[in-house]
Amino acid sequence: MSEKRADNVYGKDKESRKYTWVFAIFLVMILGSTSYILIRLYGTSVRLVEANTRSFSQQTRAKASVLNEYLSWAVSEVETLARSKTLQTYYHNKALGMSLEYGLSLSLVQMNDKFKRYLETPASSGLPVFKQISFFSLEEGRILAQVPPRDGQGSDPVQAVATGENFEKGLAFRTICTENLCRVFLIRSLTYSGEQKGLLVLELNLETVQKKIALGAFPRNDDFTGLMTSEGTLIIGPGELLGKNFHDIFGLSPETLTKAQVPRIATNPAGTDREPLIAGGARLAITPLYLVAVAPRSKHLGRHSPILWPLAIVLGMGGLLLMLAYIFKSYTDRLRIFLELEDSRKHLEERVQSRTAEMTRANRLLRREIGERKKVEEALRESEERYREFAQCLPQIVFEMDLEGRFTFGNYSGLRAFAYTEEDFGNGIQAADIFVLEERERASEDINLVLQGQNLGGAQYTAVRKDGTTFPVMIYTSPIIRNNTVVGARGVCVDLTELKAAEEALLAAHEELEQRVKERTAELHSAYQRLVREVSERKRAEITLLERERFLSDVFESIQDGISVLDRDCNIVRVNPTVEQAFSHLHPLIGRKCHEIYYGRIRKCEVCPAKTAMETGKSSSAVVPKRDKEGNAVSWLHVFAYPLRDKETGSLRGVIVISRDVTKSKSLEEQLRHAQKMEAIGTLAGGIAHDFNNLLTIISGYTELAIRTEGWGDQSNGDLRPVLEAARRGAGLVKQILTFSKRVESEPCPMDMNQLVKQTEKLLSKTIPKMIKICLELTDNLKTINADPAQMEQIILNLAVNSRDAMPDGGELLIRTENVVLDEEYCTVHAEVEPGEYILLTVSDTGRGMETAVMERIFEPFYTTKPSGEGTGLGLAMVFGIVKSHGGHVACYSEPGEGTSFKVYLSAMKNGVALSLPPASEEVPPRGTETILMADDEEMIRGLGARILHKAGYTVLTASNGHEALQVYNRERERISLVLLDLIMPGMGGKQCLQEILKIDPDMKVILASGFPEKTRTRGAIGAGARGFINKPFKINEMLRLVRKVLDEN
Amino acid sequence: MVRRRLLEGATVVLLTTVAALVASADLKEIQERQTLRHLGVPYANFVTGDGDGLDVEIIRLYAREIGVKYQYVKCSWATVIEDLSGKRVVPEGDQIRVIGKSPVRGDIIGNGLTVMAWRKKLINFSHPYFPTAVWLLAGEDSDLQPIRPSGDMGQDIEATRLLLHGKQVLGKRNTCIDPMFYALKGATAVYDDSLNLNDLAPAVIKGHTELTILDVPDTLVALAKFPGKLKVLGTVSEKQVMAFGISKDSPKLLESFNRFLEELRKSGKLRVLIEKYYPAIALYFPEVRKN
């Protein structure tokens, strides 16, 4: 029984041992698999942490990139604004010298408008890029334009920023931080003409920047992204950290942040009880600013499970202890079994039941442990799944490969890019196979280098998709190192297709641009050549034009006639210097109406050459008066108006008015007209006087004969004497008329006018009332003149008598002599005067003077202002005639109430010596007995002459004309001693008759007689052979003396 | 008898028509007519010619105020005064010489009309609403240098006049920019009747003449329109004022319009309108901000 029981126990022990080993092996397998899972879970966790670390860095850089782009755009906006025309206009206007008070402020207003428009232009976020824009003038040292204007007191931070330092060309960033407020200014130096003139200060709108970088609030939301300066000052970030130094808070400097490949663990400012932080950063390329990102480590890198490792240890230790306990228990059980072998028989079933219960508890415990372990595995799997999904979501291609160079992981971006499926990856794709054949060797080498522990950054390949198509990629690969051993590689692949396409497009555009530049350059060169030619031609044309214009201008200004150019409204557009000088008192002339200037009218003239030319389009001319300020006509202008037409259209543009001063010629015309009138009057008067003279000759001749015949003492003689006296007075008048008409023969001789004036003054003093004072002003060394003294005396007497009559209440009579020289200028306005030396005889009075109308007629014969019967009107006419017959000139100057002055100019002799005239002879007329032939067409004169000669003892033969005289002469020439011929006779005149007689007898003595004692005619007669000349009416003594004289000549 | 009555009736009708043509309408007649006729010359930003402008808006508001329609009557500078006064005149300095009659074409002038002595003899002016002055302008290439402001307008005027010796100044006859009104000794006034006021600045820029004078609002418009092409040399006048012209036969209209203008000023709308069309004017005449 005992043996049986022992055999049973032994058999049971053997069986129990067998189950124990099975259980131990099973337990070891469970422990091993659990350890393996834990180890793999640890590895995955480590890889995920690394991937998340890189992802955090990439996110930071991505945000920095976005911000860089935004700030680049902002800077470009600043550049655009700095180069805007508005700012340039301000400086241009300032360079022109304009002041703020006069015009320049407008530029500032426009500048403010420009700033306002910039501020109102939002960024893509909808917020404005800039918060404030200011223009700071370095010259003025102050802000001149600012939008919005600073609100509040105290110093303007913009002013402080602008004046704090010397900004060179380009852009500068400056930051000002106060309590919980930081401001960032972009400062752009402004230059004009190469000199720095001002600053453009733009305050960056940090709210917009904050939106761009997706700022979180720290620490409530656990992480934040912000900006800091190169000095580490935080300018964007949580409010409580603004203005503080990042390094002081987190223990990291900007350089440390940016140089590190992975985020650094930063000190948690909240204290040690907070979980650790990580921080990343990147410099914003175009600014001195840094982007920083701070986050709790657990959020991005994952949280280690607090029970994972303790559980693993507990499980391990537990398993080991359990196994030891089980072995010990098995041993003790076996011993106990062995010891209880004896009792086994008794208590075997109880022990088996007890043993079964213990096993059941152990199994329950084991199941609970396995359940907890599965939960840990699930947590690890979820964590891995989260990071895997995160990797899958990345836009870049993320991959992993093993040491064989096969892909072990590729995210969705990679699968899409290469057109592979997950199954393809599962089948194991060699990394080198995704590249084109030509590059696989290089790729393999690069992969080997990475698997040897080196980083591969930025290698470019041409990748092959599953469908065989290729595309360019850029690959960044790093080895996966576990326990200092490379276990694989991980990397990022960037599809460069778009970049390449952009590059190619850029290249193509560049080439096209270059081509276009070349073509354009060629065109420009060609155009430049054409332009040079055109410029040269234009310059030549301009020079020609300038020369022509200068020539025309010279011509225009050199013409002494006045030239005015009028527009269609009669506005004066241009005048030459002659017009400017002539109307200098009316300056300015340009722009004013021609009728205002030239005619002193407000309205257009009714008759005007310019108006006529304007209306008819044809030339027109007229002589018009030129008026002074008071409107008096001071001179005369001959105005010619020519229409000015547009060469191209032919339309009337205006009128050219040429005005010539014709005052002198008009004066000369007036003088000529007056002279012609005087000549006509003289001729008329002379003709009448001739006939009248013949009558007087008869009257006075016969009267004198009657007196001589009857004797002077007879009563009848007393009756005849008034007749004779009247006849003589009539003869005197006739002589005056003849003198005026220059038909009186003067007998000029060198004479001294002073001597004559002195002699005449004696005569005048007896005839002029004492209440008139006679004054003489005689120039010493007065030049000698060649004149008839009697006629000169007549001039003085006539003028003196006129003066006397002009001064009924007394006054002063002044007779002055002086030497004068009449120049060309004087002679141009006095037609009949020759330039040269003259003596001037002036007879002036202080009488009542004359009106102009009277003065114009005073030299006309028979014109008088005296009452009827008191004047003959021949005195001044005689003066005129005498002066003219002496080649002189007489002028009268008089104004009512101002007296009158006559000026007589007589030509001076060059070397003449004055002679004294012998007194007139009073001897008895000689008589004779010779035979004289007398011819005259007037029967009574003929009879008178015959009676005079007969009374003197001569025998007289008569003839009524030249023919008859010639017949008588031929018949009686033997006894004719002298022939007396009237010069003017009908039929054969005296001169022709003389010639005929001289043909017959060249020695025949002939005397010519005439009532026209014209000098030339007389001289002509004497030149023709006459021995003498006698004036009619005959004066008996004079006639007899001449006859006797001629008869007595040999 | 019938013929005589017809003749009398015709005479009455004729006289009524002539009176309507010759005399300006007072407020009552305008309200009866239901139309306010605005006489205006297109000039600067007062009357732009596009249906708006500072003066256009003010008169439109006034027409709405008195409950009548607004009607714009385009005029020229040569006739705008006679279009309101019904008299043809020739200005002679501060005096005028009446040379005839002309038809009345409107009720109120509004085109930046400067208050001048000779104009006062023909029409009434409303309360002034716009300050101005007359400035001397040259092209950017001119050798003349702008004066340095002294702070005293009288001295500035003298300094400006010194620049003008021997120069020609383009102006517009019988307007506020007629050089003859500013005693520019030694300078020659040049006119070109073919040019409008808005054409003077372009004439200087094109080099047709070296100098011109413009009032301040027109200068501001020209400077904005031709940036950098013109330079202001100085001022030739003391400060002037612009106002609306109203016929001497319309005292009620004048009184009503002045009351409206004061209300516009008190409400601040006048300042808003002025700065709308002349945003820079307050820089030169700060009193505008008081409107």
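On a predicted model such as this, the values are computed, not experimentally measured, just so you know.

The rules behind the values
Residues numbered from 1 in each chain as written. Chains lettered and ligands numbered in written order. Predicted model: local features only at pLDDT ≥ 70, side-chain atom pairs only at ≥ 80, totals over all residues. Heavy atoms only, no water. Patch = residues over 30% accessible without salt bridge, like charges linked within 9 Å, V, L, I, M, F, W, Y side chains within 5 Å. Areas by Shrake-Rupley, 256 points an atom, 1.4 Å probe, with all protein chains shown as cover. Salt bridge = Lys/Arg side-chain N within 4 Å of Asp/Glu carboxyl O. Helix = DSSP H or I, 4+ residues; strand = E, 2+ residues; numbered from the N terminus. Buried < 20%, exposed > 50% of the residue type's maximum accessible area, 1.4 Å probe, protein only. Pairing = 2+ DSSP bridges. Axes fitted to C-alpha atoms, helices over the stretch in contact; angles between N-to-C directions. Contact = heavy atoms within 4.5 Å. Core = buried A, V, L, I, M, F, W, Y, C linked by side-chain atoms within 4.5 Å. Buried area = accessible area lost by both parts, 1.4 Å probe.

Caption draft 1: Local environment of a nonpolar patch on the surface. All names here are of chain A. A grouping of Ile313, Met317, Leu320, Leu321, Leu324 and Ile327 is seen on the molecular surface, where their side chains present a nonpolar patch of about 580 Å² in accessible area. Examined against the element boundaries, Ile313 turns out to sit in helix H9 (residues 308-339). Residue classification places Ile313 among the exposed positions, given a relative accessible area of 54%.

Caption draft 2: Local environment of the sheet that holds strand S28 (residues 931-935) of chain A. All names here are of chain A. Here five strands make up an open sheet; going across it, the order is S29-S28-S30-S31-S32 and the pairing parallel. Edge positions in the sheet fall to strand S29 (955-959) and strand S32 (1028-1031), since each of these pairs with one other strand and no more. Between one strand axis and the next, the sheet turns by 25° as a mean value, whatever way the strands run. Note that S28 and strand S30 (residues 976-982) share five bridges and pair parallel. By the bridge assignment, Ile932 is partnered in S30 with Leu978. Of the strands in this sheet, S30 and strand S31 (1005-1010) are in contact with helix H27 (residues 990-1000), which crosses S30 at around 155°.

Caption draft 3: Seen up close, the nonpolar core. In terms of nonpolar packing, the biggest core is built from 166 residues, with Phe130(A), Phe135(A), Leu54(B), Ile58(B) and Tyr129(B) touching the most fellow members. Considering every element that reaches this core, the biggest residue donor is helix H1 (residues 2-82) of chain A, with nine residues. When sequence neighbours within four positions are dropped, the list of residues in contact with Leu54(B) reads Asn45(B), Phe46(B), Tyr129(B), Phe130(B), Leu273(B), Ile274(B), Tyr277(B) and Tyr278(B). Residues Met792(A), Leu797(A), Leu799(A) and Met850(A) belong to the second largest nonpolar core, which totals 40 residues.

Caption draft 4: Up close: the interface of chain B and chain A. Facing 31 residues of chain B, the contacting portion of chain A comprises 25 residues. For the pair chain B and chain A, the two sides together bury roughly 2,200 Å², of which 63% comes from carbon and sulfur. If you sort the residues of chain B by the area they bury against chain A, Pro149(B), Pro227(B) and Tyr284(B) come out on top, with a joint share of 19%. Applying the counting rule to chain B against chain A returns zero salt bridges.

Geometric values such as these leave the question of function open.
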